[in-house]
Structures are given as C-alpha cells and as structure tokens.
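Listed below, chain by chain, are the residues.
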Amino acid sequence: MFNPQNLGFQLIGELSPFYYLSEVANYLFCLLIVCVFIHFKYVKREHFIFWAIYFLSPFLFNFILFHPAYMGDQFLYASQIINVKSGLESSESITAAFGSFEYFKQARVLVSSYILSYIPIFSLSSITSLAFINKLLIFIMFLFLEKRIQSKYALYFIMIPSLILYSSVSLRDTLVLVSAVFSIIFLIERRVWSSLIFIILVGLTKLQNFPALLVLWIFTFIIQASKSYSRIAIVASVLLLSFIVFFDTFSGILNLYRVAWAMEDGMSLNEATGLEFSSGLDLIFLSLIEIPIFLLKPLPWQISNPLQLLVFLENIFLFYLIYIFAIKDGFYKNKENIILIAGFIMCMGLHAITVYNYGTLARYRFIGLFPYLVGFYYLRNRYESERSIKPA
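Residue numbers run consecutively from 1 along every chain, following the written order of its sequence. Restriction of local features to residues with pLDDT of at least 70 applies here, the model being predicted, together with a cutoff of 80 or more for giving and counting side-chain atom pairs; totals for whole chains, interfaces and linings are based on all residues. In computing side-chain values, all of the structure's heavy atoms are included and hydrogens and water are not.

## Let's talk about the overall build of the protein chain
Okay, so step 1: The helix and strand labels rest on DSSP assignments: H or I over at least four residues marks a helix, E over at least two residues marks a strand, and numbering proceeds from the N terminus. Counting its regular elements, the protein chain contains 18 helices and zero strands.
Okay, so step 2: Within these notes, the globule rule equals 2.2 Å times the number of residues to the 0.38 power, and the radius of gyration is based on C-alpha atoms. A compact globule built from 392 residues would reach a C-alpha radius of gyration of about 21 Å, and the protein chain, at 22 Å, matches this within 12%.
Okay, so step 3: Taken over the C-alpha atoms alone, the protein chain extends approximately 65 × 65 × 45 Å along its principal axes.
Okay, so step 4: Burial analysis of the protein chain (392 residues in total) assigns 51% to the buried set.
Okay, so step 5: Residues are treated as being in contact if the distance between any of their heavy atoms lies within 4.5 Å. Put simply, of all contacts in the protein chain between residues at least 6 apart along the chain, 74% involve residues at least 24 apart.
Okay, so step 6: Of the roughly 18800 Å² of accessible surface on the protein chain, 68% is carried by carbon and sulfur atoms. Using a 1.4 Å probe on the protein chains alone, a residue whose accessible area is under 20% of its type maximum counts as buried, one over 50% counts as exposed, and one in between counts as partly exposed. Using a 1.4 Å probe, the Shrake-Rupley method yields the accessible areas, and only the shown protein chains count as cover for residues.

Next up, the structure:
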C-alpha cells in the first residue's frame, strides 16, 4: 500500500494531479479484484460492466457534488487510517477521560480505523481513498447476499441511492452497515457465533446500533422467543417492566449520551440538558412519538432543497419495501419476523431520541435501516421457499 507519509506528504484534501493519480490507481485495483473473482467464477462475467460503473461512484461525490468538508468526518477517518498504517496510532492517542462520551467516540474511531486498515487498497493518499475500501466492502456484501438471494435482487439492494452515496465517501458507516447485514443474516440462519462476532463488531464501531442487535441475539439464542407467541409477549413485557423499574441504574449514561449527541449536533448546553429523561416511561413514551417522525424526516413542509426532497422520496420508497417484506399478506404474524420488527423499532427508537440535525439524521437512519430491510426480505424469502417445498 502506497502511503503518502512515507514520502513526507500530507493527506491530499484538494483536487490535484496527485489526487487523480491516487484514485485512478485505486479504481483499477478494485477492477483487478473483480476480474480475479470473475476468473474463479465467484462473479458472473456479464456483471463486469456493472461493477466497472459502480466503482466509479467515489469520483462523483467529493469535489463534484459537494466539498469533502460537507462530511467533515472524512478528514478524521482518512488521516487516522493513514496513521494506523504508518504505525503512528495507538490506544495511547485516546486523550479523553475513560468513561466520557469523547473517550468512547475516540475509541470507536480508532477501532474502525484499525479494522479498515486490514482491507487492501492500492493508495490511501487522498480524502477519497477510503471510499474505495468502502466499495470493496459493498462488493463483499454483494457476494455474501448473492449466495442467499437471486443475483438481481442483491444488485437492486446495492443500487439504493443512499447506499451508493455513503459508500462513496470516506466514513466508517459502510463498515457498520455491512457488519450489521452479516449479523442479521446469520441470526436468521441461527448461526450463533458468527452472528455474535459481527454484533460485537457493530458495537465496537457504532454504539447506537448495538443494543437492538444484542437484544435480537438474546431473544433468538438464549430465550428462544420464536417458539411461541406467549413467550414473545412474556419476555417483551418483562423487558419493558425491567426497563422502567431499573431506569435509574442506566439513566446517567443514557442522558450523558443524549446530551452529548445533542451538543455535537449544534445545541447549546442549556438546550441539551433540557432533553434529559426523567423516567423509563418518559423514555418509552417519547420514543414511540419520535419514531414515526424520525423515519420520515425531512417532512414535506421542512424540505428546503432538492437533496432533502430526494431523501424524503427515498424514505417513502424504503418504507413501502418494508411493508412489502415485513407486513404484507400477514407476514407480520410470523414469530421470527415479530422479533426482527422489534429489533428494528428499538434501533430506530434509539436514533430518534439521540439525533437532531437533518444531515446526521438521514445518514444514521439509513445505516440503521438498511440491514433490517435486507433481513426482512431474506426472512420472507426463506419462509416462502420453505413453504413452497413442503408436501401438500
């Protein structure tokens, strides 16, 4: 891997001949990997043109549709992964006090950088280089899904506009999303250790997406809630009651993160502290109110530019797909699906009470939603396939 720091250069954060040299090399490297998979018949030869176009998307966002500073975290991740590759980054670089919001934020960034640093790419010289690693992660996810669903549907999933966007910039979101997809698919397949490994990986890289997946794992393997409706109802009731009764034991850290995320999104300290939860009932009530609004934001009267309009239209389309995959024809009564729906609601609820500005909201919502969308489709597909082969 070519590293600019080995030659005394800084991260390339502006358009220049060196920027294009670095990213064209990465693009050709990705196509080489596709060719290798085609040679060994893991990828269909007729899909080469599709991947040749798909891997071009990192060229279309940074410096073309927006300046990299629009998603400023790109500079943090691009610089950090270079430091990791150079051996300049270690746990000692975490300067915040242990247990603080900033400590966990720095730790997650560092863990994500270490994981991403093991994925091969030709060059990490520019602000866009990490995007090609993200594209390789999407390629791996496609191969994973193609073994389980029809190839054309796997292609449809990776062509969702938000997935193309967030995998075309230098953020950790694609790592979180792909890990969550793997964990949910393995949960549906009842692969206990494989699912747990990827759930832990999600927890190490994106704390907000972790609790719902952990609850799904406990419901599936420890409690085995899918055995009966009564077991699902009893366990859910006990969980909610415990949540209310023991709220004080975890309210401190929950309110710390709620206030910290609010301030990170631009609120003043006084405004943010006014958002603290006073009880478990308060939290549950507010979550149920906020989830529908969170799922649809920006609402039509809040739209102020074409991008927000496109986000709103995509939201409508995605929720229509969720209806088709998880609700239609009474599939919401399926016991495994009920558990998956509960996980989805919990994941969206946690984001709904901790994310405030539209840009962050759209990104976090999609990264949380997409794995469940794939999971709903895969679960329904398995159910219908098993039902079709049962003797009449």
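## Regarding helix H4 (residues 73–86)
Okay, so step 1: Helix length check: H4 (14 residues) gives 20 Å between terminal C-alpha atoms against 20 Å at 1.5 Å per residue, within 8%.
Okay, so step 2: Turning to H4, its buried residues are Gln-74, Tyr-77, Ala-78, Gln-80, Ile-81, Ile-82, Asn-83 and Val-84.
Okay, so step 3: Two residues or fewer past H4, Gly-87 is found with a positive phi of approximately 75°. Working rule for helices: expected span equals 1.5 Å times residues minus one.

## Let's talk about the side chain of Ser-151
Okay, so step 1: Relative to the assigned elements, Ser-151 resides in helix H7 (residues 151–158).
Okay, so step 2: Ser-151 sits in the buried class, given a relative accessible area of 11%.
Okay, so step 3: Excluding its chain neighbours within four sequence positions, the residues that come into contact with Ser-151 are Lys-44, His-47, Phe-142 and Glu-146.

## So, the packing of aromatic side chains
Okay, so step 1: Note on aromatic contacts: the rings of Phe and Tyr and the six-membered ring of Trp form a pair at centre separations within 6.5 Å, being stacked when their planes are under 30 degrees apart, edge-to-face when over 60 apart, and tilted otherwise. Scanning the entire structure with this criterion turns up 32 aromatic pairs.
Okay, so step 2: Ring centres of Tyr-19 and Tyr-20 lie 5.4 Å apart, and the angle between their planes is 85°; this geometry places the pair in the edge-to-face category.
Okay, so step 3: With relative accessibility at 1%, the residue Tyr-19 sits in the buried group.
Okay, so step 4: Between the aromatic rings of Phe-37 and Phe-139, the centroid separation amounts to 5.3 Å while the plane-to-plane angle is 90°, which identifies the pairing as edge-to-face. Here Phe-37 is found in helix H1 (residues 17–39), whereas its partner Phe-139 is found in helix H6 (residues 129–146), with 102 residues between them in sequence.

## Side note on the environment of Tyr-20
Okay, so step 1: Examined against the element boundaries, Tyr-20 turns out to sit in helix H1.
Okay, so step 2: Relative accessible area serves as the criterion here: at 39%, Tyr-20 is assigned to the partly exposed category.
Okay, so step 3: Linking Tyr-20 and Thr-128, residues 108 residues apart in sequence, is a C-alpha distance of 9.9 Å.

## Details of the pattern of salt bridges
Okay, so step 1: Salt bridges are defined by distance alone: a side-chain nitrogen of Lys or Arg within 4 Å of a carboxyl oxygen of Asp or Glu. Counted under the stated rule, the structure contains seven salt bridges.
Okay, so step 2: Between Asp-73 and Arg-363 there is a salt bridge; the shortest N-O distance is 3.9 Å. Here Asp-73, found in helix H4, pairs with Arg-363, found in helix H18 (residues 358–389); they are 290 residues apart in sequence, far enough to count as distant.
Okay, so step 3: Owing to a relative accessible area of 12%, Arg-363 belongs among the buried residues under this scheme.
Okay, so step 4: In this structure, Arg-363 engages Asp-173 in a salt bridge whose closest nitrogen and oxygen atoms are separated by 2.5 Å. In this pair, Arg-363 is assigned in helix H18 and Asp-173 in helix H9 (residues 173–188), connecting sequence segments 190 residues apart.
Okay, so step 5: One network of salt bridges, in which partners are shared, links Asp-73, Asp-173 and Arg-363.

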